[in-house]
Structure formats: C-alpha cells, structure tokens
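Okay, here's what each chain looks like letter by letter:
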Amino acid sequence: MSGKILVAIVFLFVSAKVPAQADTLFINLAQADSIFQSGNFYLLASAMNVEAERAQVIQAKLYPNPVLTAAINAYDPENKKLLHTGSTGQKYFELEQLIILGGKRKAEIELAKTNVKIAELELLQLTRQLKFQLHSTLFALGQQQQLLEKFSSQLALLDTLLNAYHVQAAKGNIALKEVVRLKGAYLQLNNDRAEIYKEYYESHTAIQTLLGIAAPVVFRFSENDIEQYIKLNTLDELTTAARLHRPELLLKEQDRVLAEQYLHYQKRLAIPDMAVRSFYDQRSGAFNNEVNVGISIPLPVWNRNKGNIMSARHKLQQSAYSFEAMQVEIISSIHNYYALYLQTVTEYKKALSLYNEDFETTVNGMVANFQKRNVSIIEFIDFFEAYYDVLAELARIRTQLVTSAEHLNMLTGTDLY
C-alpha cells in the first residue's frame, strides 16, 4: 500500500481536522487582501518612496536662496588697529540673487512630477506582483493544509489497521506479508507527509511575509471560490486592458515622457542664468560709502551643453524602443497564458464531470467489499492508487486554474478574474 492510497483512504474513512493553535488566523481571500494592503512591508516601503518623490516636487518649486557676503578689516597697518571698522575703517557687504532663466525651474518641476508618477506606477507594479504571489500561494497553502490534515488521520487509521493485522496474522488468519505491506505503507506515508510539510512551511512563510504577520494562517476557501475564476473574457479584452492598465507598460510610457522632459531640460540648460548683485563698500571703492548694483551672466561661448543634449536625444529614442519591446512582450505573454487558461478551464470542467456521485458510490462499494474480504489487499491498493490519481489530478487542475487566471490578472494589470 503506497502513500497515495492513504490519501484516498482518509477521504473515505475520516474527515477529522488537526486542531489549530489558539492564535491562528482564519482568513478568506478578501480578508487576506485587506491585511495585505495595510500590512505588507514591501508595499509600505514603496509607498514611502512615492512620498519621497512628492517631496522632490516641493523642492523643485523652491527658488535659490540669496547669497550674503560680508568682509571687514582684520588689521589696519597704517593706524596699527585690529578690526578697524569704524567711520575711518573698512567694511564691505554684498547681496547676490540668482535669477533662473529659460524655463529651467518649470522644467525641473515637470521632471519631479513625472518621477512621482513613476514611483506610483512602481508601487502599483509591486502590488500586482505581490498580489499574484499572495493569491496563488494561498490556494497552494489551502491544498497543503487539507493534505496534512488527511495524512495525520491516515497515520492514525493505518496504525489501527496495523494492530488489527498483527492480531490476525498471529492467529494465522492473514499472511504476514500483508502486515509487511502495511508497515511499508506507514513508512511511505511518513515520508510523503514530510515532503508536504516542507512545501507547507515554505508556503506558510511566504504568506506570513506577504501579510506582514507572525501568527499561523489557515486559508478558508470553497469550490465556488475556484469556479469564480472561470469567466468569458476575450483575447481582445485582455490585450486592451493590458494597454490601459499594465503597470510595466505605463512605466515605459512615463519613461518616454521623462526622456522628452529631460531633453527639454537640457536645452534649457544651454541658456545661462543671471545673478543680480547689490553691494556696499565703505572705503575701498572709487569713493567712500559706495553703493553699487550689477549683474553677472556666463557667456555661452565654449559650452552650449551640446553633448548633454545629444545624449538626451539618444535616451529619448532608447525609451521609444523599450516601450515597443515591452508592448510586444506583454501581448505575446497574454496570448500564451490565455491559451493555457482556456485549456485549464476545459480540463477543470471535464474533470468535474467525471468526478461525480457514481464515482464515490463505486469507492464506497470497494471499501465495503474489502471489509468483507471480498476484495484482496492487492486489488484494494490498485483501485485506490487510481482513485488517488484522480484526486491528485483534480488538485493540480484547481491550482492551475487559479494560477493561470491570476497570471492573466497580473499581465493585464487589472482584476478581470
């Protein structure tokens, strides 16, 4: 008797559940999404990046501070005085203000605003990716929880069967080899459960990380929750949704906008800024107590920012190519995953039509005949190996249906399923 059989046996004999810990969190899909939105630390960190970029917009709107320069006499060698700043001494004050010309300040503000949009889209992109991981891992966790519950019940059942077979073998009613088969099945079941526990704890750790909690999690779902993923969306609807909502594509579009703004900004930088100056000189000017005003402006003779402008043009073209490449990648991915989704829906409907009440009636009849010794242990094991294959295939199809639908949600950037 293999570990597969034991999974089948528990479906027939027992439905007991492993008791949960006192602080266990029982959640459905909607509750998990709510906890995820408010508790995921990766999202919170990305949200702080959005706020940081918004602060840069405030900074870009600020004008340069004026510069105050002051100088006083340190030592007067003629009169041999330190800090000679009185009416016969010397002091100098200058106030300078930079005047930004050519629309550079406005261009910097626009660049900062685009960076905010990019940060918001990066947050949305991260949300979509993590939400896909959350949903697919939750359903995997649910399947693993059910299997572990059933495996624990199977071990208890098998232990009871082993004791009974030992007694019957000692009386000579059954062959000793059947006891050996049960012992082998028990060891195989322990190995199978250990593998499931490994997968379970990996999934459980991922869920706790995604939700930002330390409490044990039990995911509650039904067959109806899985069937909700079956929807009649066309391929054109999916591709249209992706062009409108896919964060990666919108990011590439904003990268192109940013490249255009950066080129405009570099052209503005070729226009020099002007500094307005006003200064007072007590004694070192053409006459005492001199008050002057003036301006200073760099002459664009040698450097007209030509290299940076050329570089910005190339980056703009690069962003255009990247946008087209991303669009092709997204559309091809949607085509492939949509085909996989349709295939999985077909498999799911077919599997449910085959797995009906007649199948369960046959299973119950086999159990009854085995208990009456009308069926040999080999026939019993062979039958339930086939039964387990059906159950395992149903679990695979359910998981694949959820994963493929959630993948389409991620690819389109919206919750179509």
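Relevant structure appears above.
Let me sum up the structure you'll find in this document. (Residues numbered from 1 in each chain as written. Predicted model: local features only at pLDDT ≥ 70, side-chain atom pairs only at ≥ 80, totals over all residues. Heavy atoms only, no water.)

1. Overview of the pattern of salt bridges
Under the defined criterion, the tally for this structure stands at 10 salt bridges. As a salt-bridge pair, R246 and E248 come within 2.6 Å of each other at their nearest N and O atoms. Exposure class is identical for R246 and E248. Each is buried. (Salt bridge = Lys/Arg side-chain N within 4 Å of Asp/Glu carboxyl O. Buried < 20%, exposed > 50% of the residue type's maximum accessible area, 1.4 Å probe, protein only.)

2. Quick word on the sheet that holds strand β7 (residues 274-281)
Ordered in space as β2-β5-β7-β8, the 4 strands form an open sheet in which the pairing is antiparallel. Across the chains shown, the open sheet's two edge strands, defined by having one partner strand only, are β2 (67-72) and β8 (290-296). For this sheet, the mean inter-axis angle between neighbouring strands, taken without regard to orientation, is 15°. Two elements, β7 and β8, share 7 bridges in a ladder whose sense is antiparallel. Bridge assignment links D281 to a residue of β8, and that residue is E290. (Pairing = 2+ DSSP bridges. Helix = DSSP H or I, 4+ residues; strand = E, 2+ residues; numbered from the N terminus. Axes fitted to C-alpha atoms, helices over the stretch in contact; angles between N-to-C directions.)

3. Things to note about helix α8 (residues 247-269)
Across its 23 residues, α8 extends 32 Å between first and last C-alpha, which sits within 8% of the 33 Å expected from 1.5 Å per residue. Burial in α8 covers these residues: P247, E248, L249, L250, L251, Q254, A259, Q261, L263, Y265 and Q266. (Expected span 1.5 Å × (residues − 1).)

4. Quick notes on the packing of helix α7 (residues 235-245) against α8
Each pair of packed helices gets described by two things: the angle between the helix axes and the distance between those axes. Axis separation between α7 and α8 bottoms out at 6 Å; the angle between their running directions is 45°. It follows that α7 is oblique to α8 by the angle criterion. Of the residues in α8, those touching α7 at A242, R243, L244 and H245 are P247, L249 and L250. Its residues assigned to classes, the contact of α7 with α8 shows 5 nonpolar, 1 polar and 1 charged. (Parallel < 35°, antiparallel > 145°, perpendicular 65-115°, else oblique. Contact = heavy atoms within 4.5 Å. Nonpolar A, V, L, I, M, F, W, Y, C, P; charged D, E, K, R; others polar.)

5. Brief notes about the pairing of β7
Here 8 bridges tie strand β5 (residues 91-99) to β7, and the two strands are oriented antiparallel to one another. Bridge assignment links Q97 to a residue of β7, and that residue is V276.

6. Considering the environment of K306
Tracing the backbone shows K306 in helix α9 (residues 306-354). When the C-alpha atoms of K306 and S278 are compared, they prove to be 33 Å apart, with 28 residues separating the residues in sequence.

7. Considerations on the environment of L29
Along the chain, L29 turns up in helix α2 (residues 29-39). With 196 residues separating them in the primary sequence, L29 and D225 have C-alpha atoms 8.7 Å apart. Contacts of L29, omitting those with residues within four sequence positions, involve H135, L138, F139, F219 and Y229.

8. Concerning the packing of aromatic side chains
Overall, the coordinates contain 9 aromatic pairs when judged by the stated rule. Residues Y92 and F279 carry aromatic rings whose centres are separated by 5.9 Å and whose planes lie at 35° to one another, so their mutual orientation is tilted. In this pair, Y92 sits in strand β5 while F279 sits in strand β7, placing the two residues 187 residues apart along the sequence. The buried category is assigned to Y92, whose relative accessible area is 17%. Take F279: its relative accessible area is 16%, and that puts it in the buried class. On the basis of an interplanar angle of 65° and a centroid distance of 5.4 Å, the ring pair of F139 and F221 is categorised as edge-to-face. Here F221 lies in the loop between β6 (217-219) and α6 (223-227) and F139 lies in helix α4 (residues 104-170), a separation of 82 residues in the sequence. Given the relative accessible area of 4%, F139 is considered buried. What makes F221 buried here is its relative accessible area of 18%. An aromatic cluster is built from F139, F219, F221 and Y229, whose rings are joined through pairwise contacts. (Phe/Tyr/Trp six-rings, centres within 6.5 Å; stacked < 30°, edge-to-face > 60°.)

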